[in-house]
2 protein chains.
Amino acid sequence: MSTEKVAAESTSEQIHLLIRKAAALRIDSVRATTAAGSGHPTSCASAAEIVSTLFFAVMRFDPKNPQAEQNDVFILSKGHAAPLLYAAWAEAGAFPRERLWTLRKFGSELEGHPTPRLPFVPVATGSLGQGLPAAAGIAYNAKHLEQTGQRIYVLLGDGEAAEGSVWEAAAWSAFHQLDNLCVTVDVNCLGQSQPTMLRHNMDAHAARWSAFGWHVAVVDGHSPSQLLGAYRAALKTRGRPTVVLARTIKGKGLPGIEGDEHWHGRALDSARAEKVIHELTRQMGDSLAEWEPSIRIEAQATVPPPVRTLRPDVYTPPYDPRLDSVSTRQGFGSALAAIGARNKAIVVVDGDVKNSTYTEEFEKLAQLRFLQGYIAEQNMVGIAMGLAARRKVPFVATFACFLTRAFDFIRMAAISGLNIKIVGTHAGVSIGEDGPSQMGLEDLAMMCAEPGFTVLYPSDATSAWRATALIAAHDGPCYLRLGRPAVPVLYGEQEPFAIGRCKVLRKSDQDRALIVAAGITVFEALAAYEQLQAEGLIVRVIDLFSIHPIDGEELVASARDSGGIVVTVEDHYRHGGLGDAVLSALARHEMRVCKLAVSEIPRSGTSRELLAEAGISAGDIRDAVRSALNEFHSHDAQ
Amino acid sequence: MSTEKVAAESTSEQIHLLIRKAAALRIDSVRATTAAGSGHPTSCASAAEIVSTLFFAVMRFDPKNPQAEQNDVFILSKGHAAPLLYAAWAEAGAFPRERLWTLRKFGSELEGHPTPRLPFVPVATGSLGQGLPAAAGIAYNAKHLEQTGQRIYVLLGDGEAAEGSVWEAAAWSAFHQLDNLCVTVDVNCLGQSQPTMLRHNMDAHAARWSAFGWHVAVVDGHSPSQLLGAYRAALKTRGRPTVVLARTIKGKGLPGIEGDEHWHGRALDSARAEKVIHELTRQMGDSLAEWEPSIRIEAQATVPPPVRTLRPDVYTPPYDPRLDSVSTRQGFGSALAAIGARNKAIVVVDGDVKNSTYTEEFEKLAQLRFLQGYIAEQNMVGIAMGLAARRKVPFVATFACFLTRAFDFIRMAAISGLNIKIVGTHAGVSIGEDGPSQMGLEDLAMMCAEPGFTVLYPSDATSAWRATALIAAHDGPCYLRLGRPAVPVLYGEQEPFAIGRCKVLRKSDQDRALIVAAGITVFEALAAYEQLQAEGLIVRVIDLFSIHPIDGEELVASARDSGGIVVTVEDHYRHGGLGDAVLSALARHEMRVCKLAVSEIPRSGTSRELLAEAGISAGDIRDAVRSALNEFHSHDAQ
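Residues numbered from 1 in each chain as written. Chains lettered and ligands numbered in written order. Predicted model: local features only at pLDDT ≥ 70, side-chain atom pairs only at ≥ 80, totals over all residues. Heavy atoms only, no water.

A. A look at helix α2 (residues 12–36) of chain B. Residue and element names in this part refer to chain B. Relative to the 36 Å expected for 25 residues at 1.5 Å per residue, α2 spans 36 Å between its end C-alpha atoms, a close match to the ideal helical length. Of all 25 residues in α2, 18 are buried; the element is thus mostly enclosed. G37 sits one or two residues past α2 and shows a positive phi near 80°. (Helix = DSSP H or I, 4+ residues; strand = E, 2+ residues; numbered from the N terminus. Expected span 1.5 Å × (residues − 1). Buried < 20%, exposed > 50% of the residue type's maximum accessible area, 1.4 Å probe, protein only.)

Here it is, written out as structure tokens:
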């Protein structure tokens with residue numbers, strides 16, 4: 001193990017090497033950003049010694065096999081310093097240095113901010129404050145789930161430490177005693193547009209991390225020997241994560257630019273770059289060609305991912321359409337426990353609502369794989385991103401409304417293409433008395449917008465159970481929308497469900513309109529069907545189930561069969577929900593669509609009162625069908 | 001002033017009164033939640049002495065005039081303890097106590113969680129971690145902008161302190177030395193589903209707040225005399241906000257329920273409630289009827305709001321369509337400075353990107369009304385909510401993508417109906433090389449979903465200038481979407497713009513299709529127009545400008561005039577953007593719509609490369625029009 005190697009006294013030769021490496025990283029960062037014509041060379045320069053020390057004297061990894069399970073992990077949370085990250089991996093031998101000059105060019109994997117298109121990037125960064133939560137997930141996995149012995153290193157900026165998500169993760173990591181986690185904060189004192197709140201007040205920084213339960217070291221961030229000392233102490237620290245607070249100068253080593261407030265996010269022009277590179281080359285001295293990282297390891301090939309593809313039909317939902325009334329959240333909770341008991345890759349992250357989302361059923365079966373995220377939704381999703389990056393299948397469940405808290409993390413998870421499962425319960429006004437702050441009414445807008453997300457919205461316990469199995473087996477990010485109230489069981493245990501397929505619940509050859517519903521509004525639609533039937537009006541009814549991908553083929557066919565008149569009804573705000581998804585699926589066809597949705601801020605009341613108030617009850621659907629038929633047929637008559 | 005009154009020694013009579021008041025508040029909280037059949041009586045019970053002490057011995061306010069500027073302000077950040085808040089205001093005389101029994105009933109303003117439908121609630125709470133950021137905005141206003149002498153009191157739960165937004169606001173409040181701000185944390189040690197991370201470790205709580213720069217007092221939260229002592233010390237503390245860490249028992253005073261983990265969010269049944277009330281009544285002793293709050297003040301009528309309605313045409317944008325090429329963000333920044341210089345109600349909140357959003361132009365003119373929020377988007381929006389609650393007109397500006405970070409705050413601002421202005425720059429793939437993490441591609445989905453939000457998306461500097469003036473003058477929440485690249489100036493300084501109205505840029509009586517664009521895609525649409533015209537195909541082109549409300553009338557008329565064939569094109573993800581807004585406006589009419597949008601996660605590249613890659617360039621629009629005409633006409637021929 002390398003522990004001893006790092007712990008050994010550093011020689012002056014090693015220090016000299018790290019200094020020269022840092023100069024080399026600066027040169028490459030300047031050269032690459034100047035070639036690109038944009039980027040953040042000064043944010044790279046402040047962290048050059050930190051990265052050189054970590055990559056060439058501390059971390060154990062196989063640069064030829066960056067995804068190997070044995071490697072230590074490095075996350076660049078201050079993602080705008082991407083050129084420094086790329087330069088370090090190139091210097092370590094992961095890819096030819098020439099590729100650095102493709103930085104930010106179309107088609108290059110060396111993008112403006114790191115994404116997992118690069119094998120050595122576990123999660124995309126560039127939205128500040130996200131690296132630590134993801135690292136906490138990876139560190140929890142390494143320490144508590146897989147005992148891999150890996151260490152996880154994260155580089156933060158000091159401006160970034162203003163993000164609350166950093167403190168969510170700091171509290172949670174200390175609570176779980178993640179002593180395999182080591183953060184370095186590059187305290188260069190300058191944000192994008194002005195100095196940070198704490199500037200170079202290292203004591204204030206130290207007090208905060210210490211109060212959050214971390215082992216703290218304060219060092220000169222341009223001194224490899226001080227940095228090495230701090231990383232050595234981190235290795236010996238048990239029961240607490242470590243933060244190395246590195247006092248640095250923005251633009252360090254770039255003459256005329258060092259410490260200047262106005263050089264954030266600006267590439268040097270060619271003339272200035274040449275001068276700077278000339279000076280850095282002089283400092284670097286002799287060639288670095290002879291160097292080999294002393295702690296390079298020969299990793300085995302990447303461990304194959306654990307089996308996560310289940311036959312979605314293995315588990316039989318136990319509900320009886322004749323007898324049961326069960327909420328969809330309960331169907332989900334029971335299914336998650338049943339599936340999670342067999343599939344050890346499944347990990348659940350809660351936000352202190354396990355008794356509302358029914359994830360407590362999973363906790364009873366698999367306590368270690370149940371992570372209490374407490375009331376900190378950003379960190380919850382961040383942890384899940386880290387777990388997914390280690391080939392776990394994380395389910396994050398909380399109230400749908402509180403997922404808005406984590407939208408930026410969800411966005412970055414989509415960019416990262418991670419296999420995370422997000423579950424939002426208590427959707428819509430139908431939750432009742434708790435009032436608007438507890439109602440998820442914009443979750444479909446949010447989740448369907450992100451490319452690659454599968455979005456399912458089951459109406460009863462059986463379909464909720466099946467949906468849970470489907471998303472567990474699906475390789476990609478998923479969202480499951482669930483309701484609060486107990487509802488009748490619609491579907492028998494043998495009913496097949498599939499991603500991208502809807503269920504046609506009522507159908508005849510004389511249908512005069514199509515009603516498309518999902519979740520709670522399916523029951524309203526069925527009641528409207530009865531009322532209309534009593535008047536001699538026969539309509540078709542679809543339970544959409546899969547919002548994204550949507551069953552465009554069936555929708556178009558059913559709408560055509562129903563005279564081209566469609567009523568959509570959803571317990572979601574008017575924009576960006578089910579109605580818009582249906583409109584989009586029908587866009588290229590001449591249909592008339594009436595969209596029923598929640599149009600105003602709701603209030604407290606019973607579920608029934610609120611469905612009526614929002615205009616999405618059975619009566620509203622009936623009226624909408626009637627008036628659509630009148631309106632559209634009178635149009636035709638003109 | 002009441003300062004002396006509070007600072008005076010408390011008498012045993014006063015303490016006795018506060019204890020009895022606390023019992024009365026418990027009784028009302030239990031009775032109201034039992035009548036409602038739901039709610040959080042145990043979360044009320046833990047804070048009964050805190051609220052009784054604040055309301056009846058510390059705060060200066062006129063209960064008959066709760067919005068008066070002279071009042072001290074109270075924000076219940078742990079919004080689920082709403083019955084306690086309502087009971088306190090009823091006890092203070094704001095409304096008849098009988099109204100408490102309408103709690104959570106449809107039509108009652110006493111909702112499950114507090115909203116500004118009640119005059120004594122400045123901002124809606126119920127999503128945890130939002131009260132302190134809003135309070136920080138109010139406290140900043142009181143101390144630095146208006147010197148009102150008010151004090152701002154906030155009640156947090158301990159579980160809530162896991163939310164990062166609490167620490168964003170804690171850092172920012174200390175940085176601004178908000179010594180008129182006093183937080184109490186009700187450390188009852190139990191979250192919804194299990195104990196909190198820190199349980200009753202008061203030292204750990206204290207260390208955190210202290211490290212974030214706060215004056216800290218630790219007290220027994222059921223002792224009015226200790227609480228009073230702490231609030232007295234807070235009054236004398238200069239240069240720092242104060243936190244009172246109150247050790248409490250959840251369900252305190254409710255026999256058989258006190259300290260029990262399983263009683264979160266459960267109303268007592270009638271029999272148990274009667275027993276509990278009987279016991280509390282016994283403790284309370286003699287009637288409270290004689291009591292009058294000793295520090296009640298006679299407030300003047302609510303101060304009228306500052307003039308914020310501007311004639312939107314007062315300021316003339318200086319751009320020249322023949323000469324200039326200016327980004328929309330720059331048009332916004334200049335307009336904001338011009339308008340803000342005259343309208344003193346305008347306050348700007350930045351997220352350390354003022355040199356990218358051009359709000360630095362405002363800062364130069366009005367430094368005190370320019371609030372640097374640093375890199376903490378949740379707190380930024382929270383501060384703005386507080387400012388809006390004090391009748392300021394706050395503009396929050398950052399990159400559109402980072403607004404996803406604050407979506408939960410935006411959601412609660414919508415529920416609160418606050419007059420905040422949110423501005424997102426760097427929208428879309430057209431930002432270029434920085435890559436997907438910096439591209440706002442889901443902001444329209446997010447902002448248009450919220451009821452009541454006005455959403456404008458100008459295409460050039462002139463319309464950006466006008467849009468800025470329009471939203472400054474509009475009374476209600478607004479979102480302004482802006483791009484990064486410099487673009488030609490389309491509109492002359494006299495061109496009129498209005499919320500809810502689009503601009504028809506190309507129009508003839510032989511139009512064969514309608515192209516609807518906005519922002520950067522307007523220029524692509526105009527280029528496509530030229531290409532199609534060269535082929536003899538004449539189309540209509542609309543710059544949508546106002547996404548919400550949308551100009552449905554003009555869209556329907558223009559689509560009809562153009563053969564019912566519509567191509568929408570947007571630099572936004574496919575779901576929830578401009579295309580869906582247009583589809584929704586046309587839903588009830590038989591049109592054929594082809595939606596061009598960003599369908600996959602983008603990457604780094606030039607603006608032009610990325611527009612083409614996403615399929616939203618001029619060439620893509622041209623091809624879409626061509627193939628729509630072919631497809632739809634061949635349909636017709638069948």
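B. Focus on the sheet that holds strand β16 (residues 540–543) of chain A. Residue and element names in this part refer to chain A. Judged by pairing direction, the sheet is mixed, and its five strands sit side by side in the order β14-β16-β15-β18-β19 without closing on themselves. Both edges of this open sheet fall to β14 (503–506) and β19 (592–598), since each of them pairs with a single strand only. Neighbour-to-neighbour, the strand axes of this sheet turn through a mean angle of 25°, independent of strand direction. Taken together, the four bridges between strand β15 (residues 514–517) and β16 define a ladder with parallel strand orientation. Paired with A517 across the two strands is D543, which belongs to β16. (Pairing = 2+ DSSP bridges. Axes fitted to C-alpha atoms, helices over the stretch in contact; angles between N-to-C directions.)

C. Molecular detail of the relation of the copies chain B and chain A. In screw terms, the move from chain B to chain A is a rotation of 180° and a rise of 0.0 Å along the axis, fitting with an RMSD of 0.0 Å. The transformation relating the two chain copies, once decomposed into turn and shift, fits a two-fold axis. The position closest to the rotation axis in chain B is occupied by the C-alpha of G164 of chain B, lying 1.8 Å away. Taken together, the interface assignments show that 100% of the residues at the interface of chain B recur at the interface of chain A, consistent with an identical surface on both copies. (Least-squares fit on C-alpha atoms with pLDDT ≥ 70 in both. Contact = heavy atoms within 4.5 Å.)

D. How the structure looks around helix α18 (residues 521–534) of chain B. Residues and elements named next belong to chain B. Given a rise of 1.5 Å per residue, 14 residues ought to cover 20 Å, and the 20 Å separating the end C-alpha atoms of α18 matches this to within 8%. Listed as buried for α18 are T521, V522, F523, E524, A525, L526, A528, Y529 and L532. Just downstream of α18 lies G536, where phi reads positive at about 90°.

E. Main features of the interface of chain B and chain A. In this complex, chain B contributes 108 residues to the contact, which on the side of chain A involves 108 residues. Interface area for chain B against chain A, summed over the two sides, is near 9100 Å², with a carbon-plus-sulfur share of 52%. On the chain B side of the interface with chain A, the three residues burying the most area are F106, R405 and R588 of chain B, jointly 10% of the side's total. Linking chain B with chain A are 10 salt bridges, by the criterion used here. In this structure, R592 of chain B engages E590 of chain A in a salt bridge whose closest nitrogen and oxygen atoms are separated by 3.8 Å. (Buried area = accessible area lost by both parts, 1.4 Å probe. Salt bridge = Lys/Arg side-chain N within 4 Å of Asp/Glu carboxyl O.)

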